[in-house]
Amino acid sequence: DKGNHRHFMEKEIYEQPEVISHALGHYVNFIDNRVLPVSEVIDFAEVPSLAISACGTAYLAGLVGKYWFERYARLPVEIDVASEFRYREIPLTPQSAALFISQSGETADTLASLRYCKEHGLKIGAVVNTRESTIARESDAVFPIFAGPEIGVASTKAFTCQLAVLAALAIAAGKARGTISDAEEQAMVRSLAEMPRLMGQVLNSIQPKIEFLSRELSKCRDVLYLGRGTSFPLAMEGALKLKEISYIHAEGYAAGELKHGPIALIDENMPVIVIAPHDRFFDKTVSNMQEVAARGGRIILITDEKGAAASTLDTMHTLVLPSVDEIVAPMIFSLPVQLLAYHTAVHMGTDVDQPRNLAKSVTVE
Ligand code: F6R
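Source: prediction; values computed, not measured. (Residues numbered from 1 in each chain as written. Predicted model: local features only at pLDDT ≥ 70, side-chain atom pairs only at ≥ 80, totals over all residues. Heavy atoms only, no water.)

A. Geometry of helix α9 (residues 207-217). Listing the buried residues of α9 in full gives Q207, I210, L213, S214 and L217. Along the axis of α9, the buried residues cluster in a sector spanning 125°; they form a single face. (Buried < 20%, exposed > 50% of the residue type's maximum accessible area, 1.4 Å probe, protein only. Helix = DSSP H or I, 4+ residues; strand = E, 2+ residues; numbered from the N terminus. Arc of directions from axis to C-beta.)

Structure below.
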């Protein structure tokens, strides 16, 4: 049932504040702002490293997770798309743990990577939506994302719920490893607690701007997405979402890679969507944008209040989101990214919930 939404994808985008809040409730205690003990099977204090593998959007959630585990828990993360991971003959130590991220819990390559790690003696964790799935069944520890059924083929609420669970796990790992203090833990959990309300606020306020921008995007053949830090995987997620449902060619790049190739493509016909909260990387990303502007590129800047105040750039459009803690930004910034793809596809009249050539669950390699 789509309720009063035109598509399941739209319904699932708007459900995010509610499902994320529900998911977080299983991983954090909002009364004292602490993470709950995560798993008796995977001892984050002891593991020397973590391997993460997944496909598509789930892989991009894992990539954000890598930044978090490394920064907050000082835990080295090896990550790859499952179709490469399973064949790379990665040297793995049995003391390590591995995390597999999957909405369906049935993705063939992800399952094969899981079995590969299991054979090498690693402890297996699964971040899944479908708890009665093969991946969940074959794992030592299951971390459900509680997103509820996701019908739209393009993943939206599963992505942000995966992020929320990974954020909680990274904080828990940081606590276990003594790399974040009680005060840091509490500050981050408090920010996570406020997030669903902010998500609702963003969803209610950006619609008109998104519709305007989507009309512009629907006229384009190519779109470039840029970001640094955790905004880099988000740039790739934005590009993936746009191409999946609108069939517009899009690429996501690390902002710093611009001058190493893609800058050759910049002209007034290819909009550049820059995802840049006012974080440690903001000034660097702005200087990359200056290079785009100097070549006549049209910039759509997605930033926060602090970023909008600090930027002097001439953009085609600037979307301003609330300023939030760094650990919350990827979830908040997912919203405009998803809505841009959604409204562009609606504008172009494609089959949003059932895009051509795609299946919700990919059980062949
Ligand atoms: C993107 C999308 C796919 C899936 C990928 C993995 O919108 O839906 O990229 O994320 O096929 O699927 P799961 O998470 O079921 O393993």
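B. How the structure looks around helix α5 (residues 108-119). End to end, α5 covers 17 Å across 12 residues, agreeing with the expected 16 Å (1.5 Å per residue, within 8%). Buried residues dominate α5, accounting for nine of its 12 residues. Restricting attention to buried positions, one finds in α5 the residues A108, D109, T110, L111, A112, S113, L114, Y116 and C117. If you follow the buried residues of α5, they end up packed against β3 (50-54), α4 (82-85), β5 (97-102), β6 (123-128) and α6 (134-137). (Expected span 1.5 Å × (residues − 1). Contact = heavy atoms within 4.5 Å.)

C. Expanded view of the pairing of strand β8 (residues 222-227). Counting buried residues along β8, five of its six residues qualify, which places the element largely inside the surrounding structure. Here β8 runs beside strand β9 (residues 249-254); their pairing, made up of six bridges, is parallel. Counterpart to L226 in the pairing with β9 is Y253. Note that the unit made of β8, helix α10 (residues 231-246) and β9 has a crossover that is right-handed. Two elements, β8 and strand β10 (residues 272-275), share four bridges in a ladder whose sense is parallel. Paired with G227 across the strands is I275, a residue of β10. (Pairing = 2+ DSSP bridges. Right-handed = clockwise from strand over helix to strand, strands pointing away.)

D. Layout of the packing of helix α3 (residues 56-73) against α10. Here α3 crosses α10 at 170°, and the two axes come no closer than 9 Å. Put simply, α3 runs roughly antiparallel to α10. Counted together, G56, T57, L60, L63, V64 and Y67 of α3 and F232, P233, M236, E237, L240 and K241 of α10 form the full contact between these two elements. Class assignment for the residues of the contact of α3 with α10 results in eight nonpolar, two polar and two charged. (Axes fitted to C-alpha atoms, helices over the stretch in contact; angles between N-to-C directions. Parallel < 35°, antiparallel > 145°, perpendicular 65-115°, else oblique. Nonpolar A, V, L, I, M, F, W, Y, C, P; charged D, E, K, R; others polar.)

E. Spotlight on the environment of I245. Relative to the helices and strands, I245 resides in helix α10. C-alpha of I245 to C-alpha of P277: the two residues are 32 residues apart in sequence and 26 Å apart in space. Sequence-distant contacts of I245, defined by excluding residues within four places in its chain, comprise M9, A154, A341, Y342, A345, T350, V352 and P355.

F. Spatial organisation of the nonpolar core. The biggest cluster of nonpolar side chains holds 95 residues, and the ones touching the most others in it are W68 and F69. For F69, the contacting residues outside a window of four places in its chain are F44, L50, I52, R74, L75, V77, L99, L166, L169, A170 and A173. By size, the runner-up hydrophobic cluster in this structure holds 17 residues, among which are L224, L226, I263 and F282. (Core = buried A, V, L, I, M, F, W, Y, C linked by side-chain atoms within 4.5 Å.)

G. Region of the structure containing the confidence of the model for the protein chain. In the predicted model, the protein chain carries a mean pLDDT of 96, and 100% of its residues have values of at least 70. Taken over the whole predicted complex, pTM reads 0.97, whereas the ipTM for its chain interfaces reads 0.98. (pLDDT = per-residue confidence, 0-100.)

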